[in-house]
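Chain residues, written in single-letter form:
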Amino acid sequence: MALKTESDAHILTVFLEGEIDHHIAKSIREEIDMSIERVHPATLALDFGEVTFMDSSGIGLVMGRYREMKQLNGSVTVKNAPASIRKVMRLAGLDKLAHIE
Amino acid sequence: MALKTESDAHILTVFLEGEIDHHIAKSIREEIDMSIERVHPATLALDFGEVTFMDSSGIGLVMGRYREMKQLNGSVTVKNAPASIRKVMRLAGLDKLAHIE
Amino acid sequence: MKPLNEMKVQFFSRSVNESFARVAVAAFIAQLDPTLDELSDIKTAVSEAVTNSIVHGYKDQIGNIYLTVKIYENGRINIAIRDRGCGIDDVKTAMEPMYTSKPGGERAGLGFTVMQSFMDKLRVRSRSGYGTTVIMEKMLKMRKDAES
Amino acid sequence: MKPLNEMKVQFFSRSVNESFARVAVAAFIAQLDPTLDELSDIKTAVSEAVTNSIVHGYKDQIGNIYLTVKIYENGRINIAIRDRGCGIDDVKTAMEPMYTSKPGGERAGLGFTVMQSFMDKLRVRSRSGYGTTVIMEKMLKMRKDAES
Ligand SMILES: Nc1ncnc2c1ncn2[C@@H]1O[C@H](COP(=O)(O)OP(=O)(O)O)[C@@H](O)[C@H]1O
Ligand SMILES: Nc1ncnc2c1ncn2[C@@H]1O[C@H](COP(=O)(O)OP(=O)(O)O)[C@@H](O)[C@H]1O
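None of these values were measured; they are calculated from a predicted model.

1. Describing the packing of aromatic side chains
Here is step 1 of the chain: What the rule picks out here adds up to four aromatic pairs over all chains.
Here is step 2 of the chain: Geometrically, the ring pair formed by Phe11(C) and Phe20(C) is edge-to-face, given 5.8 Å between the ring centres and 85° between the ring planes. Of the two residues examined, Phe11(C) and Phe20(C), each falls in the buried class.
Here is step 3 of the chain: Within the aromatic cluster, the residues linked to one another by ring pairs are Phe11(C), Phe20(C) and Phe28(D).
Here is step 4 of the chain: Between Lys4(A) and the ring centre of Phe15(A), over which it is positioned, the NZ or CZ distance is 5.6 Å.
Here is step 5 of the chain: In this structure, Lys87(A) packs its charged tip against the face of Phe118(C), placed 4.8 Å from the ring centre.

2. Comments concerning the environment of Pro41(A)
All names here are of chain A.
Here is step 1 of the chain: Positionally, Pro 41 belongs in the loop between helix H1 (22–39) and strand S3 (43–54).
Here is step 2 of the chain: According to the relative accessible area criterion, Pro 41 is buried, its value standing at 3%.
Here is step 3 of the chain: Separated by 32 residues in the primary sequence, Pro 41 and Asn 73 have C-alpha atoms spaced 9.7 Å apart.
Here is step 4 of the chain: Residues contacting Pro 41, with those up to four places away along its chain left out, are His 10, Ile 11, Leu 12, Ile 36 and Met 69.

3. Topic: the site of ligand 1
All names here are of chain C.
Here is step 1 of the chain: Near ligand 1 lie 19 residues; those nearest to it are Asn 52, His 56, Thr 100, Ser 101 and Gly 109.
Here is step 2 of the chain: Gly 57 places a main-chain nitrogen or oxygen 3.4 Å from a nitrogen atom of ligand 1.
Here is step 3 of the chain: At a separation of 3.5 Å, an oxygen atom of ligand 1 approaches a polar backbone atom of Ala 108.
Here is step 4 of the chain: Protein chains bury 96% of the 530 Å² of accessible surface belonging to ligand 1 in isolation.
Here is step 5 of the chain: At the level of secondary structure, the elements contributing two or more residues to the shell around ligand 1 comprise helix H2 (36–57) and helix H4 (111–118).

4. Remarks on the nonpolar core
Here is step 1 of the chain: Counting 73 residues, the largest nonpolar core has Leu67(C), Ile79(C), Met136(C), Leu67(D), Ile79(D) and Met136(D) as the members making the most contacts within it.
Here is step 2 of the chain: Residues in contact with Leu67(C), not counting those within four places in the same chain, are Met7(C), Lys8(C), Val9(C), Phe11(C), Ala21(C), Val25(C), Val46(C), Val50(C), Ile79(C), Ala80(C) and Ile81(C).

5. A look at the interface of chain D and chain C
Here is step 1 of the chain: Contacts between the two partners involve 23 residues from chain D, matched on the other side by 23 residues from chain C.
Here is step 2 of the chain: A combined buried area of about 2000 Å² lies between chain D and chain C, and 58% of that area is made up of carbon and sulfur atoms.
Here is step 3 of the chain: Here chain D and chain C share eight residue pairs in polar contact (both at pLDDT 80 or more) between them.
Here is step 4 of the chain: Of all the secondary-structure elements, those providing two or more residues to the side of chain D that touches chain C are strand S1 (5–12) and helix H1 (17–29) of chain D.
Here is step 5 of the chain: No other element matches S1(D), which puts eight residues into the side of chain D that touches chain C.
Here is step 6 of the chain: When grouped by side-chain class, the residues that make up the side of chain D that touches chain C number twelve nonpolar, six polar and five charged.
Here is step 7 of the chain: For strand S1 (residues 5–12) of chain C and S1(D), the ladder comprises five bridges, and the chain directions are antiparallel. Along S1(D), the bridge assignment pairs Lys8(C) with Gln10(D).

6. Points about H2(C)
Residue and element names in this part refer to chain C.
Here is step 1 of the chain: With 22 residues, H2 ought to run about 32 Å at 1.5 Å a step, and its terminal C-alpha atoms sit 30 Å apart, in line with that.
Here is step 2 of the chain: Burial analysis of H2 places 19 of its 22 residues in the buried class, the great majority of the element.
Here is step 3 of the chain: Positioned one or two residues after H2, Lys 59 has a phi angle of 45°, which is positive.

7. Some thoughts on the packing of H2(C) against H4(C)
Residue and element names in this part refer to chain C.
Here is step 1 of the chain: Where H2 meets H4, the closest approach of the two axes is 9 Å, and the angle between their N-to-C directions is 150°. With respect to H4, the element H2 is oriented roughly antiparallel. Once H2 is placed against H4, the crossing between them reads as left-handed. Note on element contacts: H4 touches H2 through Gly 111, Phe 112, Val 114, Met 115 and Phe 118, opposite Asp 41, Thr 44, Ala 45, Glu 48, Ala 49 and Asn 52.

8. Some details on the relation of the copies chain D and chain C
Here is step 1 of the chain: Mapping chain D onto chain C leaves a residual RMSD of 0.0 Å; the transformation is a rotation of 180° accompanied by 0.0 Å of translation along its axis. What we have between these two chains is a two-fold relation. Nearest to the rotation axis, the C-alpha of Val9(D) is located 2.0 Å from it, this being the minimum over chain D.
Here is step 2 of the chain: With an isologous cut-off of 70% or more, the 100% of interface residues of chain D that recur at the interface of chain C puts this contact in the isologous class.

9. A look at the environment of Leu61(A)
Here is step 1 of the chain: Along the chain, Leu61(A) turns up in helix H2 (residues 56–71).
Here is step 2 of the chain: Here Leu61(A) falls in the buried class, since its relative accessible area comes to 2%.
Here is step 3 of the chain: A C-alpha to C-alpha distance of 12 Å links Leu61(A) and Ala98(A), two positions 37 residues apart in sequence.
Here is step 4 of the chain: Those residues in contact with Leu61(A) that sit more than four places away from it in its chain are Ile20(A), Ala25(A), Ile28(A), Arg29(A) and Glu106(C).

Criteria and thresholds
Residues numbered from 1 in each chain as written. Chains lettered and ligands numbered in written order. Predicted model: local features only at pLDDT ≥ 70, side-chain atom pairs only at ≥ 80, totals over all residues. Heavy atoms only, no water. Phe/Tyr/Trp six-rings, centres within 6.5 Å; stacked < 30°, edge-to-face > 60°. Buried < 20%, exposed > 50% of the residue type's maximum accessible area, 1.4 Å probe, protein only. Lys NZ or Arg CZ within 6 Å of the ring centre and 35° of its normal. Helix = DSSP H or I, 4+ residues; strand = E, 2+ residues; numbered from the N terminus. Contact = heavy atoms within 4.5 Å. Near = heavy atom within 4 Å. Polar contact = N/O pair within 3.5 Å; in protein donor to acceptor, adjacent residues only side chain to side chain. Areas by Shrake-Rupley, 256 points an atom, 1.4 Å probe, with all protein chains shown as cover. Core = buried A, V, L, I, M, F, W, Y, C linked by side-chain atoms within 4.5 Å. Buried area = accessible area lost by both parts, 1.4 Å probe. Nonpolar A, V, L, I, M, F, W, Y, C, P; charged D, E, K, R; others polar. Pairing = 2+ DSSP bridges. Expected span 1.5 Å × (residues − 1). Axes fitted to C-alpha atoms, helices over the stretch in contact; angles between N-to-C directions. Parallel < 35°, antiparallel > 145°, perpendicular 65-115°, else oblique. Left-handed = near helix turned anticlockwise from the far one by under 90°. Least-squares fit on C-alpha atoms with pLDDT ≥ 70 in both.

Take a look at the structure:
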């Protein structure tokens with residue numbers, strides 16, 4: 001995994017892509033966590049624009065990042081999630097934890 | 001199957017597409033044969049530009065059309081075949097029967 | 001009742017096979033010409049069940065996962081996913097939304113919830129020490145009949 | 001030797017499953033990151049063997065086709081396709097280029113020729129009345145190792 005990221009003073013944006021399942025979740029998680037460590041952003045923005053599939057392993061991924069950002073007094077934003085992925089997120093009530101754009 | 005065809009006074013062009021295997025070959029064959037019947041072309045041009053897969057069932061398809069066109073004193077031309085499909089055609093020596101462009 | 005078409009696949013409980021399982025199911029039901037939404041629902045439900053067999057059923061051991069897809073008349077499909085892993089002691093609790101036996105980690109406890117809401121029927125059979133079978137059913141809106 | 005990864009799939013001898021078989025094999029070996037040429041060679045060879053089981057092995061009856069894919073170290077893959085159909089009397093003749101037992105029709109007699117030239121190894125075992133097994137092997141140029 002080599003995810004594209006973008007960061008200004010406040011926001012770290014991570015551009016996710018492809019299929020997010022349990023197999024790939026670990027390496028995505030590690031990469032995001034390294035970026036958070038380095039940047040210490042106020043907001044972590046997860047861009048799902050290029051994600052073609054996601055199961056509940058992706059929910060675990062977002063919830064875990066939410067917990068981490070909360071410890072840093074920060075927040076999580078979800079961006080550009082396709083309809084099929086928003087469906088999984090809604091089921092999980094993710095809209096209560098993260099700001100879904 | 002509803003194949004695109006194009007014909008002028010001499011040439012009937014059939015635009016094949018997708019995956020050509022034994023399952024689909026029968027309906028392609030029937031459609032081409034109906035067009036030959038109707039148009040009586042001097043040349044049957046088979047355009048493989050949009051074909052993504054072909055196994056030896058496709059070879060049978062071309063050879064069968066070659067036999068038919070020969071009875072009408074006509075010929076067969078193969079157009080725009082992608083590399084992977086030319087590989088199967090070469091193996092079959094199809095270049096000896098049809099004009100491959 | 002004999003299905004119109006059927007496939008059974010068996011594979012190692014390696015996480016790399018999660019995507020294989022999804023594609024195999026999607027490729028098999030392609031003959032029914034499903035909508036993109038139906039395909040996505042089914043792939044997600046299959047992914048949950050297969051992941052559970054890998055993560056919970058076999059933990060870090062390698063065992064076999066058995067997946068069966070049956071196509072019946074009128075676009076009814078039946079999918080069974082079976083493992084010979086550790087089994088589930090209390091299926092009712094396991095199926096509750098947000099329940100997970102791996103709370104510290106990155107499991108959301110939503111696998112069964114996804115299967116339940118993305119498919120029309122869900123049945124779970126499990127025996128501690130023997131393994132787990134998940135059976136799911138969905139009616140596809142028919143656009144084309146399975147050729148016979 | 002135990003393979004690094006393995007899948008077995010079984011499906012009805014319906015022609016609509018020819019494309020399913022190709023996609024299932026392609027999805028399974030995707031973990032080795034094959035080149036497009038390698039993928040295309042393998043899909044073609046698989047398509048030939050599966051079609052033969054449907055067309056020749058089972059003729060117009062519906063039986064089961066058994067397909068196994070094994071991944072070994074260094075990108076070696078082994079594919080077996082088996083039917084319990086009519087079997088082949090004379091395998092040597094059957095394997096000759098252009099030989100087909102259905103000459104009038106649309107078979108080119110090139111199935112075995114394609115399997116032989118697109119794969120590294122081909123072995124055919126058959127017994128009249130009992131069925132046919134085709135075993136093919138190919139070494140992929142390795143770009144990424146199967147994860148363990
Ligand atoms: N195949 C299985 N084998 C053993 N236990 C399972 C299996 N599937 C599910 N479980 C149990 O049910 C619980 C809930 O499953 P699920 O709703 O998918 O959530 P999650 O996978 O996120 O834990 C799991 O945490 C596990 O304890
Ligand atoms: N699985 C099988 N069961 C029975 N006969 C087979 C099988 N595969 C091949 N054959 C026999 O071998 C012949 C040659 O096969 P092949 O080279 O694939 O050409 P084709 O399929 O075009 O006839 C077939 O015509 C058939 O008689």
